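Architecture and fold: a report
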There are 2 protein chains.
Amino acid sequence: MSVTIKDIAKRAGVSITTVSRALNGYPDIHPRTRERVLRIADEMNFRPNAVARSLVMKKSKTIGLIISELTCSSSSHHFIFDIIRGVHDQAVLMGYDVILSATSPYQQQEISYMELCTRRQLDGVLLMGVRTDDRYLQEVLDASVPCVLIDVPLVSKTCGHVMVDNVRGARMAVQHLVDLGHRRIGMINGHRQAYVSFDRLKGYRQALEENGLTFDPDQVFDGDFKEDAGIEGVSRLLDRFPDMTALFCASDMIAVGAIRALHQWGKRVPEDVAVVGYDDIDLVRYTHPPLTTVHQPRYQMGTKAAELLVRLLSGGEGEAVVLEPQLMVRESTIR
Amino acid sequence: MSVTIKDIAKRAGVSITTVSRALNGYPDIHPRTRERVLRIADEMNFRPNAVARSLVMKKSKTIGLIISELTCSSSSHHFIFDIIRGVHDQAVLMGYDVILSATSPYQQQEISYMELCTRRQLDGVLLMGVRTDDRYLQEVLDASVPCVLIDVPLVSKTCGHVMVDNVRGARMAVQHLVDLGHRRIGMINGHRQAYVSFDRLKGYRQALEENGLTFDPDQVFDGDFKEDAGIEGVSRLLDRFPDMTALFCASDMIAVGAIRALHQWGKRVPEDVAVVGYDDIDLVRYTHPPLTTVHQPRYQMGTKAAELLVRLLSGGEGEAVVLEPQLMVRESTIR
DNA sequence: TTGAAAGCGCTAACAC
DNA sequence: GTGTTAGCGCTTTCAA
């Protein structure tokens, strides 16, 4: 058995209330008493029982990090892991523990997020990887559990979000291509159920128009965020526009696939076709050629999300935190 | 307020004891009563409060996944994330939740694992990334909290481990090189504080000796698991052994660095020097050339670890779970 | 088959 | 300043 405040009370010759007060730093207690209690607690190697405290406080000092099924697929590993680290580090810094949850393709059972929340008394949740058509999204919003979304631009009384400025990121990427003299720039986008796809398309279009180029929907191929989309996209776009000299991809994995396909078509990168990716996952520094891409501050997304959630927990209102992307120029656009 | 068994009891006109019995499927209750209680609970959308249950049961149905600082560095992302997924999925399947913990370089505070355990009433912990000289390792073993280590071969009453057969993996790698006709095979190892380094070196040596080649310590460079070690290792080894035609690296990141360095030395891979890595992280399929490496079943390591831990929790004894590595032959050894 | 009562470790009125 | 008391939501003897 581990030591409880009762044990301390007995040893110190005071009531458990006094012990509680000393431990929690309340002011209405004699300094000498507090000191003694604290010393004894330390001597007895006392560890407060968070479970008991949660029960009475109705707060668990725990947040749920819910990773939606989709995000678990190949390409996003890198991405997610950094965010997880950010969330964890910041949460711990602020006195919260993190419970991991995921809607896995392996478990058939459809556990609702809310179920987890009430069962574990989670103070709030962090959602990442949800698609616009995710049925749980509404559920989370309805139940007024404080919640922070990553890459889903929703704001309400109890819900905020963190995202990187995707319009801006896409514009930077495309502007870079335009600056290099490209006029016929294709795009391979992620699936339509991701909010980020929408914004990246918007940024692509804006950049074109800002530079007096016409936006042509046919120059955009809608796929998903995986490698195969890059392969298919290249073949479709090159079929329609043999004169395409540059390609903007909504993810690095798309770009990797695209480069592979371009090589198969006998095109050199960047000499014949320049390619820009999105995300700046680790592996793009090792591809051939190394990929020019839009960096997202992943770790920071995590810390900011945790921060925002805790702010929400202390009564703050939902807000949007938008971080800045950064263009990383490598050899897939310029030698 | 959410609904409690008290609410159900009132509505059903029975005592809370009866409700508890019905909910937990005890036999000593009238079928009709049970049915009614269950129906009412369902109607009221009852969710048992895990916190309250934990308090009285002194079991939290929660396990801690503790990731040691070291592992957070670059190269291991890929690695860890899959393990986390495996642990999570299997844990949930068995009715446990997972709390994330990490000794981060960012937080100065030295929280002990045990502190987390007692505070959160964790039923058991899973440790990954600990080095042989980790001071907490002993702490965990002393406190008899059921514990499963990943890649640290310790077994005790309350502690087991999961690892991939590193001796075998290294032997496969080196045997592959020998089979290709290589006689002068160098090795770049990870740091000495990782158990796996020890075993991989052992496997390297065994393979050499099994093939009548002499083991020469000078042919082994001790670095760490990162890219730079590969760069430095190549220059050291090539200095000493200009006739080296093959290189076995204890991690993929080492191999990536090694290939980079080899190119700088004007060596072609694999024509002049063949390179084998270890881990099979995602990016090695995109390096130039794609890397031959030893695959570790990461997701499975996670599921097996969670399984073992739960077995330990139900009174099982510590045991060693050893998984099989697999050689992935790509173009860095054979064209 | 069911219920009353105690208690898990802690906090928080409220009295003294 | 300090102690008494009640109670968080649940499980579990023990009696009935």
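Predicted model only: the values in this text are computed from it and were never measured.

**Remarks on the confidence of the model for chain A**
Considering every residue of chain A, the mean pLDDT works out to 92; 95% of them sit at 70 or more. Scored below 50 in pLDDT, residues 105–109 of chain A shows ten contacts in the model against residues more than four places distant or in partner chains.

**Topic: the layout of surface pockets**
By volume, the largest pocket is sized at about 1,500 Å³. Around the largest pocket sit 38 residues that line it, and Ser 2, Arg 47, Pro 48 and Asn 49 of chain A together with Gln 121 of chain B are the ones nearest its centre. Listed by contribution, the elements that provide at least two residues to the lining of the largest pocket are α1 (5–12), α2 (16–23) and α4 (50–57) of chain A together with α6 (113–120) of chain B. Empty space within the second largest pocket amounts to approximately 1,300 Å³. Lining the second largest pocket are 35 residues, with Thr 118 and Gln 121 of chain A together with Ser 2, Pro 48 and Asn 49 of chain B positioned closest to its centre. Elements with a minimum of two residues in the lining of the second largest pocket: α6 (113–120) and α12 (298–313) of chain A together with α2 (16–23) and α4 (50–57) of chain B. Ranked by residues supplied to the lining of the second largest pocket, first place goes to α4 of chain B with four residues. Per-class residue counts for the lining of the second largest pocket are 20 nonpolar, eight polar and seven charged.

**Description of the protein's contact with DNA strand D**
Near DNA strand D lie 29 residues; those nearest to it are Thr 17, Thr 18, Thr 33 and Lys 58 of chain A together with Ile 5 of chain B. Counting only atoms of DNA strand D within 4 Å of the protein, the sugar-phosphate share comes to 62%. One of the side-chain N or O atoms of Thr 33 of chain A is found 2.7 Å from a phosphate oxygen in DNA strand D. Put simply, the parts of the chain that give the surface near DNA strand D at least two residues each are α2 and α4 of chain A together with α1 (5–12), α2 and α4 of chain B. When residues in the surface near DNA strand D are grouped by element, the largest group, four residues, is from α4 of chain B. Classifying every residue of the surface near DNA strand D gives 13 nonpolar, eleven polar and five charged.

**A few points about the protein's contact with DNA strand C**
The local shell around DNA strand C holds 28 residues, among which Ile 5 and Tyr 26 of chain A together with Thr 18, Thr 33 and Lys 58 of chain B are the closest. Backbone sugar and phosphate groups make up 61% of those atoms of DNA strand C lying within 4 Å of the protein. Between a base nitrogen of DNA strand C and a side-chain N or O atom of Thr 17 of chain A, the distance comes to 3.0 Å. Here the surface near DNA strand C is composed, by residue class, of 13 nonpolar, ten polar and five charged.

**Description of empty space enclosed by the protein**
Gaps left between atoms show up when a probe the size of a water molecule is rolled over them. Overall, the coordinates contain three cavities of 30 Å³ or more when judged by the stated rule. Lining the largest cavity are 15 residues; nearest its centre among them are Val 51 and Arg 120 of chain A together with Val 51, Thr 62 and Arg 120 of chain B. Contributing elements (two or more residues each) for the lining of the largest cavity: α4 of chain A together with α4 of chain B. Partitioned by chemical class, the residues of the lining of the largest cavity number seven nonpolar, six polar and two charged.

**Some remarks on the interface of chain A and chain B**
The partner chain B presents 54 residues to the 54 residues of chain A that form the contact. Summed over the three residues of chain A that lose the most area to chain B, namely Phe 81, Leu 100 and Tyr 286 of chain A, the buried surface amounts to 15% of that side. Where chain A meets chain B, there are six salt bridges. The interface formed by chain A and chain B holds 18 residue pairs in polar contact (both at pLDDT 80 or more) in total. Those elements giving two or more residues to the side of chain A that touches chain B turn out to be α4, α5 (77–93), β2 (97–102), α6 and α11 (252–264) of chain A. With eleven residues, the single largest contributor to the side of chain A that touches chain B is α5 of chain A. Each residue belonging to the side of chain A that touches chain B can be placed in one class, and the counts come to 24 nonpolar, 16 polar and 14 charged. Note that β2 of chain A and strand β2 (residues 97–102) of chain B share three bridges and pair antiparallel. Among the inter-strand pairings, Ile 99 of chain A is bridged to a residue of β2 of chain B, identified as Ile 99 of chain B.

**Re unusual backbone geometry**
Residues and elements named next belong to chain B. Cis rather than trans, the peptide bond between Val 269 and Pro 270 has omega equal to 10 degrees. Structurally, the position occupied by Pro 270 is in the loop between α11 (252–264) and β9 (274–279). Of note, the amide linkage connecting His 288 to Pro 289 takes the cis form, showing an omega dihedral of 0 degrees. Here Pro 289 is to be found in the loop between β9 and β10 (292–295).

**Overview of the UniProt feature "domain: HTH lacI-type" (unreviewed entry) in chain A**
Look at the UniProt record and you will see "domain: HTH lacI-type" (unreviewed entry) annotated at residues 3–57 of chain A. With 67% helix and 0% strand, the stretch residues 3–57 of chain A has end C-alpha atoms that lie 20 Å from each other.

**A word on the domain arrangement of chain A**
All names here are of chain A. When cut into domains, chain A gives domain 1 (5–57), domain 2 (62–164 + 298–325) and domain 3 (166–296). The C-alpha centroid of domain 3 is placed 29 Å from the C-alpha centroid of domain 2. Taken together, the 19 residues of domain 2 in the interface contact 23 residues of domain 3. Regarding the contact of domain 2 and domain 3, the summed buried area is about 1,700 Å², with carbon and sulfur atoms giving 58% of it. Of all residues in domain 2, Thr 132, Arg 298 and Pro 325 bury the most surface against domain 3, accounting for 34% of the area lost on that side.

**Considering the packing of aromatic side chains**
Inspection of the entire model under this criterion finds four aromatic pairs over all chains. When the ring centre of Tyr 278 of chain A is taken as origin, the NZ or CZ atom of Arg 200 of chain A, which lies over that ring, is 3.8 Å away.

**Notes on the environment of Thr 4 of chain A**
Residues and elements named next belong to chain A. Within the fold, Thr 4 resides in the segment before α1. Among the residues examined, Thr 4 registers a relative accessible area of 35% and is labelled partly exposed. Counting along the chain gives 210 residues from Thr 4 to Thr 214, while the straight-line C-alpha distance between them is 72 Å.

**Some points on the relation of the copies chain A and chain B**
Its rotation angle being 180 degrees, the transformation that places chain A on chain B also includes 0.1 Å of axial translation and leaves an RMSD of 0.1 Å. A rotation of that kind, with that shift, is consistent with a two-fold axis. An overlap of 100% is found between the interface residues of chain A and their copies at the interface of chain B, pointing to a shared contact surface.

**Regarding the sheet that holds strand β7 (residues 220–222) of chain A**
Residues and elements named next belong to chain A. Within the open sheet, the six strands sit side by side as β7-β6-β8-β9-β10-β12. Their pairing is mixed. Across the chains shown, the open sheet's two edge strands, defined by having one partner strand only, are β7 and β12 (326–328). Along the sheet, successive strands turn relative to each other by an average axial angle of 20 degrees, direction set aside. Bridge analysis of strand β6 (residues 185–189) against β7 gives three bridges, and the strand direction is parallel. Its bridge partner being in β7, Asn 189 is matched across the sheet by Asp 222. On the sheet, helix α8 (residues 166–179) packs against β6, β8 (246–249), β9 (274–279), β10 (292–295) and β12 and is oriented at approximately 165 degrees with respect to β9.

**Things to note about the packing of helix α8 (residues 166–179) of chain B against helix α9 (residues 195–210) of chain B**
All names here are of chain B. Running from N to C, α8 and α9 point in directions that differ by 45 degrees, and their axes come no closer than 7 Å. The angle between α8 and α9 falls in the class oblique. Handedness of the crossing formed by α8 with α9: right-handed. Between α8 and α9, the residues in contact are Asn 166, Val 167, Ala 170, Arg 171, Val 174 and Gln 175 and Val 196, Asp 199, Arg 200, Lys 202, Gly 203, Tyr 204, Gln 206, Ala 207, Leu 208 and Glu 210, respectively. Residue classes in the contact of α8 with α9 are distributed as seven nonpolar, four polar and five charged.

Parameters and conventions
- Residues numbered from 1 in each chain as written.
- Chains lettered and ligands numbered in written order.
- Predicted model: local features only at pLDDT ≥ 70, side-chain atom pairs only at ≥ 80, totals over all residues.
- Heavy atoms only, no water.
- pLDDT = per-residue confidence, 0-100.
- Contact = heavy atoms within 4.5 Å.
- 1 Å grid on protein atoms, 1.4 Å probe; cavity = no way out; pocket = protein on both sides within 12 Å on 5 of 7 lines; lining within 4 Å.
- Points joined across faces, edges and corners; volume = space filled by probe spheres on them.
- Helix = DSSP H or I, 4+ residues; strand = E, 2+ residues; numbered from the N terminus.
- Nonpolar A, V, L, I, M, F, W, Y, C, P; charged D, E, K, R; others polar.
- Near = heavy atom within 4 Å.
- Polar contact = N/O pair within 3.5 Å; in protein donor to acceptor, adjacent residues only side chain to side chain.
- Buried area = accessible area lost by both parts, 1.4 Å probe.
- Salt bridge = Lys/Arg side-chain N within 4 Å of Asp/Glu carboxyl O.
- Pairing = 2+ DSSP bridges.
- UniProt positions renumbered as here; feature names shortened; annotations may be inferred.
- Domains from an automatic or database assignment.
- Phe/Tyr/Trp six-rings, centres within 6.5 Å; stacked < 30°, edge-to-face > 60°.
- Lys NZ or Arg CZ within 6 Å of the ring centre and 35° of its normal.
- Buried < 20%, exposed > 50% of the residue type's maximum accessible area, 1.4 Å probe, protein only.
- Least-squares fit on C-alpha atoms with pLDDT ≥ 70 in both.
- Axes fitted to C-alpha atoms, helices over the stretch in contact; angles between N-to-C directions.
- Parallel < 35°, antiparallel > 145°, perpendicular 65-115°, else oblique.
- Left-handed = near helix turned anticlockwise from the far one by under 90°.

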